[in-house]
Amino acid sequence: MKDTFKHQGMRQQLVETLINKDIKDKGVLKAIGKIPRHLFMDSGFIDHAYQDKAFPIAADQTISQPYTVAFQSELLKVQPEDKVLEIGTGSGYQTAVLLELGAKVYSIERQKELFKKTSKFLPKIGYRAKQLIFGDGYKGLPVEAPFQSIIVTAGAPYVPNPLLSQLAIGGRLVIPVGDKVQVMTLFIRKGPKEFEKHEFGDFRFVPMLEDKN
Ligand code: SAH
C-alpha cells in the first residue's frame, strides 16, 4: 500500500473542505494533511478515503468522518507531551491525529478483532501510542490518570463518571452524548468537584457499548 502524489493532492482538497467548514486549528489541519487516511480503510473503500465521510471498517464499526475527527481534536486543545486518553481506537485514525499533535496517547478498544488489527497496523506506518489497550472504555484507565484530555469516539448514552474523575484539573473531556443522535459535549475540569459544560450540536456515532467483546 502506497501513498502517492494523487493521494497527497486529494488530502489537500480534504483540508480545504475542512477549512471551509470552519476548522481553524493549524495543528489539526496539518495532521489531516499528513496522515494517509486511505491506509486505514479496507481496500474496497480506498477511492473514498479523502471524501469528508465516515466509512465502514472491520467488525461493523466505522472510521469517523474527517470533519468529526477535526472538530473533536480542535476541542481538545492538545499541547505537545499532554497525556491523552482515547476511548474507541477503531481504525486508529484519530489516534494518529493525536500523535501528530504531539500527545502521549493511551487508547482503549473493546472489540478484539479491531484491537488486534490496529495494534499491528499503527506501528507499521510509524505511529506509536504509549499504550493500546483491549478493554472497556467506560472504566477509563485509572492506573495512568490524570489525563490532560480524554476523547470518546463512540456515542455514549451517558457520561461515565470514571472519565470525569480521571481528568487533570484544567483537563478537557470531549464526548458525544445521546442515543440515536449525540450532542458533542465538552467538560472542562475547574476543580476537584467543579466541571464546566459546553455543548456543540448534533453528531452521529456508533454506540459506546458496555464491557469488552
Ligand atoms: N476513532 C475511531 C472511531 C471508531 S468508531 C476511528 O477514527 O476509526 C468507535 C469505536 O469505539 C469502535 O471501534 C467501537 O468498537 C469502540 N467502542 C465502543 N464502545 C467502547 C467501549 N466501551 N470501550 C472502548 N471502545 C469502545
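Preceding this paragraph is the structure being described.
On a predicted model such as this, the values are computed, not experimentally measured, just so you know. (Residues numbered from 1 in each chain as written. Predicted model: local features only at pLDDT ≥ 70, side-chain atom pairs only at ≥ 80, totals over all residues. Heavy atoms only, no water.)

### Section: the pairing of strand 6 (residues 147-152)
Side chains on a regular strand alternate between the two faces of the sheet. The cut-off we apply is this: A simple rule labels every residue: compare its accessible area, found with a 1.4 Å probe on the protein chains alone, to the largest value its type can have, and call it buried under 20%, exposed over 50%, or partly exposed in between. Every helix listed is a DSSP run of H or I at least four residues long, and every strand listed is a run of E at least two residues long, numbered separately from the N terminus. Criterion used throughout: strands pair if DSSP finds at least two bridges between them.
Burial runs high along strand 6: five of the six residues are buried. One ladder, built from four bridges, connects strand 3 (residues 83-87) with strand 6; its direction is parallel. Its bridge partner lying in strand 6, Leu 85 is registered against Ile 150. Examined bridge by bridge, strand 6 and strand 7 (residues 167-177) share four bridges and lie parallel to one another. Looking at the pairing, Ile 150 lines up with Leu 173 of strand 7.

### Regarding the packing of aromatic side chains
Any pair of aromatic rings gets described here by the distance separating the centres and the angle formed by the planes. Where we set the bar: Pairs were defined over the aromatic rings of Phe, Tyr and Trp, the Trp ring being its six-membered one, requiring ring centres within 6.5 Å. Orientation was assigned from the angle between planes: stacked under 30 degrees, edge-to-face over 60, tilted for the rest. Look at NZ for Lys and CZ for Arg. If either is within 6 Å of the ring centre and within 35 degrees of the ring normal, a charge sits over the ring.
According to the stated counting rule, one finds nine aromatic pairs in the structure shown. Judged by centre distance (5.5 Å) and plane angle (35°), the rings of Tyr 138 and Tyr 158 are tilted. Taken together, the residues Tyr 138 in the loop between strand 5 (131-134) and strand 6 and Tyr 158 in the loop between strand 6 and helix 6 (161-165) connect sequence positions 20 residues apart. Put simply, the rings of Tyr 67, Phe 71, Phe 200 and Phe 203 pair up and form one aromatic cluster. Above the plane of the ring of Tyr 93 lies Arg 37, whose end atom (NZ or CZ) is 5.6 Å from the centre. In this structure, Lys 83 is placed above the aromatic ring of Phe 147, and the distance from its NZ or CZ to the ring centre is 6.0 Å.

### Details of the side chain of His 7
Quick reminder of the rule: We define a polar contact as two N or O atoms separated by no more than 3.5 Å, with the added condition that, inside protein, one atom must be a possible hydrogen donor and the other a possible acceptor, whereas residues neighbouring each other in sequence contribute only through side-chain atom pairs. The criterion used for residue contact is that any of the two residues' heavy atoms lie within 4.5 Å.
Structurally, His 7 is set in helix 1 (residues 5-20). Note on His 7: relative accessible area 14%, which makes it buried. A distance of 3.4 Å separates the side chain of His 7 from the side chain of His 38, its partner in a polar contact. Residues in contact with His 7, not counting those within four places in the same chain, are Lys 2, His 38, Ile 46 and Tyr 50.

### What to know about the nonpolar core
Short version of the rule: Here, nonpolar core means buried Ala, Val, Leu, Ile, Met, Phe, Trp, Tyr and Cys residues that are tied together by side-chain atoms lying within 4.5 Å of each other.
With 45 residues, the main nonpolar core has Leu 18, Ile 32, Ile 35, Phe 40, Tyr 93 and Val 97 as its most contacted residues. At the level of secondary structure, the elements contributing two or more residues to this core comprise helix 1, helix 2 (26-34), helix 3 (66-76), helix 4 (93-100), helix 5 (112-124) and strand 8 (182-191). At six residues, helix 3 tops the list of elements feeding residues into this core. Those residues in contact with Tyr 93 that sit more than four places away from it in its chain are Ile 32, Ile 35, Arg 37, Phe 40, Ile 63 and Val 69. Grouped together as the second largest cluster of nonpolar side chains are 20 residues, Phe 147, Val 177, Phe 187 and Met 208 included.

### Focus: the site of the ligand
This is how it is decided: Residues are labelled near a given molecule or strand when at least one of their non-hydrogen atoms is within 4 Å of it. Buriedness of a pocket was judged along seven lines, with at least five required to meet protein on both sides within 12 Å; pockets are open sets of points on a 1 Å grid over the protein atoms alone, cavities are sets where a 1.4 Å probe fits but cannot get out, and lining residues have an atom within 4 Å of a point. Those molecules having more than half of their atoms within 2 Å of a cavity or pocket grid point set are described as sitting in that cavity or pocket.
Around the ligand, a shell composed of 27 residues is seen, among which Ser 91, Glu 109, Asp 136, Gly 137 and Leu 209 lie nearest. One of the side-chain N or O atoms of Glu 109 is found 2.5 Å from an oxygen atom in the ligand. Here a nitrogen atom of the ligand sits 3.4 Å away from a polar atom, N or O, in the main chain of Arg 110. Among the detected pockets, the ligand sits in the largest pocket. Listing elements by their share of the shell around the ligand, those giving two or more residues are strand 2 (62-63), strand 3, helix 4 and strand 4 (104-109).

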